[in-house]
Amino acid sequence: MANKQADLIVGIQWGDEGKGKIVDLMAQEFDAVARYQGGHNAGHTIWVDGVKYALHLIPSGILNPSALNIIGNGVVVCPEALIKEMKQFDKLEERLFISESAHMILNYHIAIDQAKEKMRGDKAIGTTGRGIGPSYADKISRSGHRMGELKDIELLTENIMEHFKQNEAVFRAMDISLPSKTELQAELIEYARVLLPFICNTTKMIWDLMKEGKKVLLEGAQGTLLDIDHGTYPFVTSSSTISAGACTGLGISPKDIGNITGIVKAYCTRVGNGPFPTEDFETDGDRLREQGHEFGTTTGRPRRCGWFDAVACKHASRINGCDQLSVMKLDVLDGFDEVKMCVAYEYEGKEIDYMPSDIENVKPIYKTFAGWDKTEGVRKWDDLPETAKTYLKFFEEITETKIGLISTSPDRNDTIIL
């Protein structure tokens, strides 16, 4: 029987829940942190002692000097973006490991992504335009290129040039200019020079770590409601963002996974297009955006904001098998006279307590709570205002998942651990 050595952290909403802070906090107790899906469209912001770190591909355990950081095979890696991100840190050798089976995002993937969004016009999905979808599409159609291929630049260059030739009409139709063989080869040589020392068989590495009794923390990107199968399709990302995605994205079995922590905000946000039942278009939505500094880590785009959706949270918690929730940004609700929570949907003339696949056709049904003055910086449950405690107790009850952590500011230490 396998030992359950791998704990997991997963976003429960549309991403941007604050996973980075909790992974960073928990990573202090783990030997390794492994990222299992997504690309540099993810953005984890971590504040430590007033210093801001923005992570996109490097796992959030990088700020624990003794933790290993693993980019798994389920991640799509933009070499150029990763090299740029690595410059924030010293001495990454023996601390950062990249799966040889992770697929690459090359410049033509980014060009395809942006061209397709432009062609969709007012039906645009709202992607970050960073080539994530086209890279995953190439992976599924078996025409992608993996990080391990950087070991043979000659062969890789030939294969990519052949791909360009076969798809010449498509690139021309999209008005995409392609590099010459010399330009492409020079680019790949630079990627190999920097990244080859970090590329290895990460699946075997994780197996060995668990066999040695090491503690491994698994980290996803984006959120459950952006999952390719279980999210608000087609306004989703191109990978499996849920806890089960860690198995395929790292090469581990379901039996290897231990405790699962779901990360949720005390309200809801969404970036890009797609259904968002509790979105607030009035002053409350604007106030949540301002108080929560809701602008994308990766894109800088203002996020759409609204009240907490308990129906969607309960749905996501069940899909992921969450043992506990970590409630983030409680302090953003400070100062509101009233705080609302969506407790059910009106759907086809009936009240329902589940999330249908055509969620764009639901109307939220709210329960209103008395607000509170200040939770910012609170580190103990007993020090929270009674009205905030009432909100959180109901939060647990309706989502059918206990709360394990409560964050009351961006700082690592301003966290209530229950």
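The preceding data block contains the structure.
Residues numbered from 1 in each chain as written. Predicted model: local features only at pLDDT ≥ 70, side-chain atom pairs only at ≥ 80, totals over all residues. Heavy atoms only, no water.

If you tally the helices and strands in the protein, you get 12 helices and 20 strands. With the C-alpha coordinates of the protein rotated into their principal frame, the extents come out at 65 × 50 × 40 Å. Of the contacts made within the protein by residues no fewer than 6 positions apart, 76% connect residues no fewer than 24 positions apart. Counting every atom, the protein has about 18,400 Å² of accessible surface; 49% of that belongs to carbon and sulfur. Both charge centroids of the protein, one from 48 positive and one from 62 negative side chains, sit 2 Å from each other. (Helix = DSSP H or I, 4+ residues; strand = E, 2+ residues; numbered from the N terminus. Contact = heavy atoms within 4.5 Å. Areas by Shrake-Rupley, 256 points an atom, 1.4 Å probe, with all protein chains shown as cover. Lys, Arg positive; Asp, Glu negative; His and termini not counted. Charge placed at Lys NZ, Arg CZ, Asp CG, Glu CD.)

Bringing helix α5 (residues 153–166) into the picture now. Compared with an ideal rise of 1.5 Å per residue, which puts 14 residues at 20 Å, α5 spans 20 Å between its outermost C-alpha atoms and is within 8% of the ideal. Its buried side turned inward, α5 meets β8 (103–104), α3 (107–120), α4 (132–140), α6 (168–173) and α7 (181–195). (Expected span 1.5 Å × (residues − 1).)

Contact geometry of α5 with α7 gives a least axis separation of 10 Å together with a crossing angle of 135 degrees. Between α5 and α7, the angle falls in the class oblique. When you trace α5 past α7, the crossing you get is right-handed. Contact residues: α5 offers Ile153, Glu154, Leu156, Thr157, Glu158, Ile160, Met161 and Phe164, while α7 offers Lys181, Leu184, Gln185, Leu188, Ile189 and Ala192. Residue composition of the contact of α5 with α7, grouped by class: nine nonpolar, two polar and three charged. (Axes fitted to C-alpha atoms, helices over the stretch in contact; angles between N-to-C directions. Parallel < 35°, antiparallel > 145°, perpendicular 65-115°, else oblique. Left-handed = near helix turned anticlockwise from the far one by under 90°. Nonpolar A, V, L, I, M, F, W, Y, C, P; charged D, E, K, R; others polar.)

In contact at an axis separation of 10 Å, helix α2 (residues 79–86) and α7 are set at 40 degrees when each is read in the N-to-C sense. Here α2 is positioned oblique relative to α7, judged by the angle of their axes. In the packing of α2 onto α7, the handedness of the crossing is left-handed. Counted together, Pro79, Glu80, Leu82, Ile83 and Met86 of α2 and Glu190, Tyr191, Val194 and Leu195 of α7 form the full contact between these two elements. Class assignment of the residues belonging to the contact of α2 with α7 gives a composition of seven nonpolar, no polar and two charged.

Attention now moves to the layout of surface pockets. Estimated volume of the second largest pocket: approximately 680 Å³. Considering the residues around the second largest pocket, the lining is formed by 29 residues, among which Thr45, Trp47, Gly292, Lys329 and Pro410 are closest to the centre. Of all the secondary-structure elements, those providing two or more residues to the lining of the second largest pocket are α1 (19–27) and β3 (44–48). Here the element with the most residues in the lining of the second largest pocket is β3; it accounts for four residues. In terms of residue class, the lining of the second largest pocket is built from six nonpolar, 12 polar and 11 charged. (1 Å grid on protein atoms, 1.4 Å probe; cavity = no way out; pocket = protein on both sides within 12 Å on 5 of 7 lines; lining within 4 Å. Points joined across faces, edges and corners; volume = space filled by probe spheres on them.)

Looking now at the state of the cysteines. In protein structure, a disulfide is the covalent linkage between the sulfur atoms of two cysteines. Under the defined criterion, the tally for this structure stands at zero disulfides. Of the cysteine sulfurs around Cys78, a residue in no disulfide, the closest is that of Cys200, at 20 Å. Cys78 sits in the buried class, given a relative accessible area of 5%. With no disulfide of its own, Cys268 has Cys313 as its nearest cysteine by sulfur position, at a separation of 8.2 Å. (Disulfide = S-S within 2.5 Å. Buried < 20%, exposed > 50% of the residue type's maximum accessible area, 1.4 Å probe, protein only.)

Turning next to the environment of Trp307. Following the sequence through the fold, Trp307 ends up in the loop between β13 (304–306) and β14 (308–309). Separated by 41 residues in sequence, Trp307 and Ala266 place their C-alpha atoms 8.0 Å apart. Excluding residues within four positions of it along the chain, Trp307 makes contact with Tyr267, Cys268, Thr278, Asp280, Asp284, Leu333, Phe336, Glu338, Val339, Lys340 and Tyr366.

What follows deals with the sheet that holds strand β9 (residues 199–200). Across the sheet, which stays open at both edges, the 10 strands sit in the order β9-β7-β5-β2-β10-β1-β11-β15-β19-β20 with mixed pairing between neighbours. Among the strands making up the open sheet, the edge pair consists of β9 and β20 (415–417). Both strand β15 (residues 324–328) and strand β19 (residues 403–407) contribute to a ladder of three bridges, which runs parallel. Note on β19: the bridge partner recorded for Leu325 is Ile403. Relative to the sheet, α1 contacts β1 (6–11), β2 (32–35), β10 (216–219), β11 (257–265), β15, β19 and β20, its axis offset from that of β1 by approximately 165 degrees. (Pairing = 2+ DSSP bridges.)

It is worth spelling out the pattern of salt bridges at this point. One pass over the structure, following the stated rule, counts 15 salt bridges. A salt bridge links Arg289 to Asp286; the nearest nitrogen and oxygen atoms lie 3.0 Å apart. Here Arg289 and its partner Asp286 are both found in helix α10 (residues 283–291), three residues apart, which amounts to about one turn of the helix. Here Arg289 falls in the buried class, since its relative accessible area comes to 17%. When the shortest N-O distance is used, the salt bridge between Glu400 and Lys314 registers 3.3 Å. Of this pair, Glu400 sits in the loop between α12 (386–399) and β19 while Lys314 sits in helix α11 (residues 310–320), and the two are 86 residues apart along the sequence. A single network of salt bridges, built from pairs that share partners, joins Asp16, Lys265, Glu294, Arg303 and Lys329. (Salt bridge = Lys/Arg side-chain N within 4 Å of Asp/Glu carboxyl O.)

We now examine the environment of Cys78. Within the element layout of this structure, Cys78 appears in the loop between β6 (76–77) and α2. Counting along the chain gives 296 residues from Cys78 to Lys374, while the straight-line C-alpha distance between them is 42 Å. Discounting chain neighbours no more than four positions away, the residues touching Cys78 are His40, Leu57 and Ile105.

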